[in-house]
Amino acid sequence: QVQLVESGGGLVQAGGSLRLSCVASGRTFSRYAMGWFRQAPGKEREFVAAISWSGGSTYFADSVKGRFTISRDNAKNTVYLQMNSLKPEDTAVYSCAARDSGTVVAVRSYQYEHWGQGTQVTVSS
């Protein structure tokens, strides 16, 4: 079992940047593919970005492509989401997730077995 803890959320003006971090417990972090999802009030959870166990494969939702990057440091058991050029529509609770099949970058929430509690990101106009 892996436990995930997100941090780095906050309030930022439109056009600003934030970097989210997700730290995983356990010694086998490098075997997991990781993903970031978000959920805005009254909306369903949506995929944001994902990265394979090695970092060699990444995938982004169209809505964040070119603005967000995902990376990981397996030595630190951490995955990052760098968010630039933030927009008010990026406002949501952002959660990281871990997938046991580390080689496959997945975009559906049901494909991930482990979830963090989430961190709030608010972008003001």
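Rules behind the numbers
Residues numbered from 1 in each chain as written. Predicted model: local features only at pLDDT ≥ 70, side-chain atom pairs only at ≥ 80, totals over all residues. Heavy atoms only, no water. Salt bridge = Lys/Arg side-chain N within 4 Å of Asp/Glu carboxyl O. Buried < 20%, exposed > 50% of the residue type's maximum accessible area, 1.4 Å probe, protein only. Helix = DSSP H or I, 4+ residues; strand = E, 2+ residues; numbered from the N terminus. Contact = heavy atoms within 4.5 Å.

Draft legend 1. Fine view of the pattern of salt bridges. Under the defined criterion, the tally for this structure stands at four salt bridges. A salt bridge links Glu 46 to Arg 38; the nearest nitrogen and oxygen atoms lie 2.5 Å apart. A relative accessible area of 34% places Glu 46 in the partly exposed class. Classification of Arg 38 as buried rests on a relative accessible area of 6%.

Draft legend 2. Geometry of the environment of Ala 14. For Ala 14, the location among the structural elements is in the loop between β2 (10-13) and β3 (18-24). As a C-alpha pair, Ala 14 and Ser 124 span 110 residues in sequence and 5.7 Å in three-dimensional space. Apart from the residues lying within four places of it in its own chain, the contact partners of Ala 14 are Leu 86, Pro 88, Val 123, Ser 124 and Ser 125.

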